[in-house]
Amino acid sequence: MDNTAQIIYLIGFMGSGKTTVGKRIADKLGWIFIDIDEVIEHTTGMKIALIFKEKGEDYFRELERESIKKFGEMSRMVIATGGGAPCFFDNMDAMSHNGITVYLKMSPAALTARLMQLTVEERNQRPLIAGKSEAALLEFVTNTLSKREPFYSSAKLIIQNEDTAELAAERIFKCINL
Ligand code: S3P
């Protein structure tokens, strides 16, 4: 795989392990890890849930786009995006142009199980799933994932992530061959 790329983007649905796996890859490579949601919370001084509530989702998506653009000019970075980021504007094209996109793929059932393991407070930090019962969550994940899958699947590398984060990181590491 292209070993001149200096950015690895982890994409995938909420709960797919982008942050955990991304940190492991960054450690292995000695690169910097950043999480786009954290960047947005840091620069606005607001939690994602509050941005959605007070400014609306469209405003949040603009912030996501700006951050993706800004960090696209840097190098030696592993970047975890929010679950929706690849599916808005030309974000997926921008990421594919600037680095290697890696889709952490999981089934709706596995994603729902992972998201149900979070505390209620942690789930409430994610406005799109806040307050949902397990059944409602499974329905939401199934429907939303089917709409997002075409974007996610255009990633350069697709990794099934239903084992451990360490295993997923190792698989990615082998494939990218940096
Ligand atoms: C979102 C996923 C979240 C966050 C926001 C919206 C989405 O990020 O960006 O709540 O649209 O799927 P994570 O995937 O890191 O939870």
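Predicted, not measured: the structure shown is a model, and the values here were computed from it.

**Student:** So what exactly am I meant to see when it comes to the nonpolar core here?
**Tutor:** In a soluble, globular protein the nonpolar side chains are often hidden away together inside. Core analysis: the largest hydrophobic core is formed by 35 residues, its most contacted members being Phe13 and Ile79. Residue assignment for this core shows that the elements contributing at least two residues are β1 (7-11), α2 (36-44), α3 (48-55), α4 (57-71), β3 (77-80), α5 (91-98), α6 (108-117) and α8 (134-152). Looking at which element gives the most residues to this core, the answer is α8, with five residues. For Ile79, the contacting residues outside a window of four places in its chain are Ile7, Ile8, Tyr9, Leu10, Ile34, Ile36 and Phe71. If you look at the next biggest cluster of nonpolar residues, it comprises 20 residues, including Phe33, Ala80, Ala169 and Ile176.

**Student:** Sorry if this is basic, but what is going on with the packing of α3 against α4 here?
**Tutor:** The geometry of a pair of packed helices is captured by two quantities: the angle between their axes and the separation between those axes. Between α3 and α4, the shortest axis-to-axis distance is 7 Å and the interhelical angle comes to 130°. Classified by the angle between their axes, α3 and α4 sit oblique to one another. On the side of α3, the interface is formed by Ile48, Ile51, Phe52 and Lys55, while α4 contributes Glu57, Tyr59, Phe60, Arg61 and Leu63. Taken together, the residues of the contact of α3 with α4 break down into six nonpolar, no polar and three charged.

**Student:** Looking at this structure, I do not really get the site of the ligand. What am I missing?
**Tutor:** Residues in close proximity to the ligand total 14 residues, the closest being Lys18, Asp37, Arg61, Arg126 and Arg148. Within the contact set of the ligand, an oxygen atom lies 2.7 Å away from a side-chain nitrogen or oxygen of Arg61. For the ligand, the protein covers 95% of the area, taking 390 Å² as the surface of the free molecule. If one sorts the elements of the shell around the ligand by residue count, α4 sits on top with three residues. Among the residues making up the shell around the ligand, the classes are represented as five nonpolar, three polar and six charged.

**Student:** Would you mind going over the sheet that holds β3 with me for this structure?
**Tutor:** Consider a sheet: its strands pair through backbone hydrogen bonds, and that pairing is either parallel or antiparallel. In space, the five strands of this open sheet follow the order β2-β3-β1-β4-β5, with parallel pairing throughout. Two strands close off the open sheet at either side, each with one partner strand: β2 (32-35) and β5 (157-160). Sheet twist, expressed as the average angle between the axes of neighbouring strands with direction ignored, equals 20°. Pairing analysis gives four bridges linking strand β4 (residues 100-105) to β5, with the strands arranged parallel.

**Student:** Is there a simple way to think about the packing of aromatic side chains in this case?
**Tutor:** Each aromatic ring pair is described using two quantities: the centre-to-centre distance and the angle formed by the ring planes. Following the criterion strictly, the structure yields three aromatic pairs and no others. Here the aromatic rings of Phe52 and Phe60 are separated by 5.0 Å at their centres, their planes lie at 45°, and the arrangement is tilted. Each member of the pair Phe52 and Phe60 is classed as buried. Looking at Lys55, its charged tip hangs above the ring of Tyr59, at a distance of 5.3 Å from the centre. It is Arg65 that lies over the ring of Phe89; its NZ or CZ is 3.9 Å from the centre.

**Student:** Is there a simple way to think about α5 in this case?
**Tutor:** Turning to α5, its buried residues are Asn91, Met92 and Met95. Seen end-on, α5 carries its buried residues on one side only, within an arc spanning 95°. Residues Asp93 and His97 are exposed on α5 and point more than 90 degrees away from its buried face. Against β1, α4, β4 and α8 lie the buried residues of α5.

**Student:** Can you walk me through the pattern of salt bridges in this structure?
**Tutor:** Note that side chains of opposite charge can pair when their charged atoms are close. Enumeration according to the criterion identifies eight salt bridges in this entry. Notably, a salt bridge pairs Lys28 with Glu166, separated by 3.5 Å at the nearest N-O pair. Of the two residues, Lys28 is situated in helix α1 (residues 18-29) and Glu166 in helix α9 (residues 165-176); the sequence distance between them amounts to 138 residues. Judged by relative accessible area, Lys28 falls into the partly exposed class, the value being 35%.

What counts, and at which threshold
Residues numbered from 1 in each chain as written. Predicted model: local features only at pLDDT ≥ 70, side-chain atom pairs only at ≥ 80, totals over all residues. Heavy atoms only, no water. Core = buried A, V, L, I, M, F, W, Y, C linked by side-chain atoms within 4.5 Å. Buried < 20%, exposed > 50% of the residue type's maximum accessible area, 1.4 Å probe, protein only. Helix = DSSP H or I, 4+ residues; strand = E, 2+ residues; numbered from the N terminus. Contact = heavy atoms within 4.5 Å. Axes fitted to C-alpha atoms, helices over the stretch in contact; angles between N-to-C directions. Parallel < 35°, antiparallel > 145°, perpendicular 65-115°, else oblique. Nonpolar A, V, L, I, M, F, W, Y, C, P; charged D, E, K, R; others polar. Near = heavy atom within 4 Å. Polar contact = N/O pair within 3.5 Å; in protein donor to acceptor, adjacent residues only side chain to side chain. Areas by Shrake-Rupley, 256 points an atom, 1.4 Å probe, with all protein chains shown as cover. Pairing = 2+ DSSP bridges. Phe/Tyr/Trp six-rings, centres within 6.5 Å; stacked < 30°, edge-to-face > 60°. Lys NZ or Arg CZ within 6 Å of the ring centre and 35° of its normal. Arc of directions from axis to C-beta. Salt bridge = Lys/Arg side-chain N within 4 Å of Asp/Glu carboxyl O.

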